[in-house]
Amino acid sequence: MKTRFARVAACAAISIGIGGAAVQGAPRYTVAQATEQAEKTTGQGEGVVRAVDADERRIMITHAPVTGPLEMSPMTMAFRVAPNVDLSSLSKGMKIKFTISRDAKGLYVIEDVRPEKP
């Protein structure tokens, strides 16, 4: 279903961006931008850091249910981490809040990590 939605979004982007019925002031997207936006889904979660692997840019988190468009049951799982996330500020046992996304390939990526305030 997501693939079909992405194709429709890409076709709409082409229509708007290349001589289609453009709306004045409407943003113009390339096919790649429209597809990325259509397929990227995010969620918010809270958890505890179990391990940090800076070399592989992965963190293992035991988390509560993830809320938002990207729903996920509670579990312990290793996640890839986006390049902009500072792993040096994370340590085992730290309580965190995080934003996670699922890319076009279906892989989970931690986009943002914030230490939970006591």
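What you are looking at is a predicted structure, and each value in this text was computed from that prediction instead of being measured. (Residues numbered from 1 in each chain as written. Predicted model: local features only at pLDDT ≥ 70, side-chain atom pairs only at ≥ 80, totals over all residues. Heavy atoms only, no water.)

Turning next to the pattern of salt bridges. Considering all chains together, one arrives at 2 salt bridges under this definition. For Glu46, the salt bridge goes to Lys97, with nearest N and O atoms at 3.9 Å. Note that Glu46 is positioned in strand S1 (residues 41–53) and Lys97 in strand S4 (residues 95–102), a separation of 51 residues in sequence. According to the relative accessible area criterion, Glu46 is partly exposed, its value standing at 38%. Look at Lys97 and you get partly exposed, because its relative accessible area is 34%. As a salt-bridge pair, Arg114 and Asp112 come within 2.4 Å of each other at their nearest N and O atoms. Here Arg114 falls in the partly exposed class, since its relative accessible area comes to 30%. Take Asp112: its relative accessible area is 31%, and that puts it in the partly exposed class. (Salt bridge = Lys/Arg side-chain N within 4 Å of Asp/Glu carboxyl O. Helix = DSSP H or I, 4+ residues; strand = E, 2+ residues; numbered from the N terminus. Buried < 20%, exposed > 50% of the residue type's maximum accessible area, 1.4 Å probe, protein only.)

Of all residues in the protein chain, 65% attain a pLDDT of 70 or more, and the chain-wide mean is 78. Contacts of residues 1–6 to residues separated by more than four positions or lying in other chains number 5 contacts, the stretch itself having pLDDT below 50. Across residues 31–38 the pLDDT falls below 50, and counting only partners more than four positions away or on other chains, this stretch makes 13 contacts in the model. (pLDDT = per-residue confidence, 0-100. Contact = heavy atoms within 4.5 Å.)

Turning our attention to the sheet that holds strand S5 (residues 108–115). Here 5 strands make up a closed barrel; going around it, the order is S1-S2-S3-S5-S4 and the pairing mixed. When strand polarity is set aside, the average angle formed by the axes of neighbouring strands in this sheet is 55 degrees. When S1 meets S4, the two strands line up antiparallel, connected through 8 bridges. Counterpart to Thr42 in the pairing with S4 is Ser101. (Pairing = 2+ DSSP bridges. Axes fitted to C-alpha atoms, helices over the stretch in contact; angles between N-to-C directions.)

With that out of the way, let us pick up the environment of Gly45. Here Gly45 lies in strand S1. Gly45 gets classed as buried once you look at its relative accessible area, which sits at 7%. Look past the residues within four positions of Gly45 in its chain and what remains in contact with it is Val66, Ile96, Lys97 and Phe98.

With that out of the way, let us pick up the packing of aromatic side chains. Scanning the model with the defined rule gives 2 aromatic pairs in all. A ring pair is formed by Phe79 and Phe98, whose centres lie 6.5 Å apart and whose planes are at 40 degrees; its orientation type is tilted. Of the two residues, Phe79 sits in strand S3 (residues 75–81) while Phe98 sits in strand S4, which places them 19 residues apart along the sequence. Using a relative accessible area of 1% as the deciding quantity, one classes Phe79 as buried. On the basis of an interplanar angle of 90 degrees and a centroid distance of 6.4 Å, the ring pair of Phe79 and Tyr108 is categorised as edge-to-face. You can see Phe79 sitting in strand S3 and its partner Tyr108 sitting in strand S5, a full 29 residues away along the chain. Every member of this aromatic cluster is reached through a ring pair, and the members are Phe79, Phe98 and Tyr108. (Phe/Tyr/Trp six-rings, centres within 6.5 Å; stacked < 30°, edge-to-face > 60°.)

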